[in-house]
Amino acid sequence: GMAANETGNTLINNGSIATSGPNAYGMSAAWGQTNVGQLNNTLVNTGSVTTSGSNARAASIIGGSGTINNSGNLSTSGANSPTAYLQGNNDTLVNTGTITATGADSDAVFSNTAGSSFTATIENRAGGQIFSQSAAAVRTLNGASTVINAGLLQSGGTTAISMGNGANTLIL
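Residues numbered from 1 in each chain as written. Predicted model: local features only at pLDDT ≥ 70, side-chain atom pairs only at ≥ 80, totals over all residues. Heavy atoms only, no water.

Asker: How do you make sense of the side chain of D107 when you look at a structure like this?
Answerer: Inspection of the secondary structure puts D107 in the loop between β12 (98-101) and β13 (109-112). In this structure D107 comes out as buried when scored by relative accessible area, which is 8%. A polar contact is formed between the side chain of D107 and the side chain of R139, at a distance of 2.9 Å. With near-sequence residues (within four places) excluded, D107 lies in contact with S81, P82, T83, A101, S132, A135, A136 and R139. (Helix = DSSP H or I, 4+ residues; strand = E, 2+ residues; numbered from the N terminus. Buried < 20%, exposed > 50% of the residue type's maximum accessible area, 1.4 Å probe, protein only. Polar contact = N/O pair within 3.5 Å; in protein donor to acceptor, adjacent residues only side chain to side chain. Contact = heavy atoms within 4.5 Å.)

Asker: Help me understand the pattern of salt bridges in this model?
Answerer: Where charged atoms of side chains with opposite charge meet at close range, the side chains can pair. Scanning all chains against the criterion turns up two salt bridges. Between R139 and D107 there is a salt bridge; the shortest N-O distance is 2.9 Å. You can see R139 sitting in strand β16 (residues 138-141) and its partner D107 sitting in the loop between β12 and β13, a full 32 residues away along the chain. For R139, a relative accessible area of 27% corresponds to the partly exposed category. A salt bridge links R125 to E123, with the nearest nitrogen and oxygen atoms 3.0 Å apart. (Salt bridge = Lys/Arg side-chain N within 4 Å of Asp/Glu carboxyl O.)

Asker: So what exactly am I meant to see when it comes to the sheet that holds strand β6 (residues 48-51) here?
Answerer: Overall, parallel pairing links the six strands, which are arranged β3-β6-β9-β12-β15-β18 in an open sheet. Two strands lie at the open edges of the sheet, namely β3 (16-19) and β18 (152-155), each paired on one side alone. Put simply, the sheet's adjacent strands are angled 5° from each other on average, direction ignored. Looking at chain direction, β3 and β6 are connected through four bridges and run parallel. Pairing of S16 across the sheet is with S48, part of β6. (Pairing = 2+ DSSP bridges. Axes fitted to C-alpha atoms, helices over the stretch in contact; angles between N-to-C directions.)

Asker: Where do I start with the pairing of β18 in this structure?
Answerer: A regular strand carries its side chains on alternate faces of the sheet. Here β18 shows a clear split, with L153 and S155 buried on one side and none of L152 and Q154 buried on the other. Relative to β18, strand β15 (residues 129-132) is paired through four bridges, and the arrangement is parallel. Considered in β18, the bridge of Q129 is made with L152.

As far as function goes, none of this settles anything; it's purely spatial.
Here is the structure:
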């Protein structure tokens, strides 16, 4: 995969990234859970990012004012592997492609604002498809989250959209 630490990074994938094994991320800024608080990082995927290990994310933003922009294919097949993961204040995901999670207990999109006063925006535009086989298509936690959907949000589990505590907004 590809990873960046520090602030202000942009990672762009126009090709194919495939990882396997536990904690094997496809695209990440900052790396793993160890380098929190990195600001203004952007992940752009127009190609394909697939992971097959447990706790292996296709696209992961840790830190505030981060953005995941997907017009390609992001997918995970491992257990406890959210496909697109955002943690921090003012993070944004924009999807016009496909985001798929097929592993056990794996949300397709998981946003943890990490603070009750923090915000996040998840936008699935027309043509975008977000699917989880066993968990939520979109799950949010903590602060105020806004989910905007003009595409498909689908879960093979019990809930397609699960919004945590906070002043949440859902626009369909």
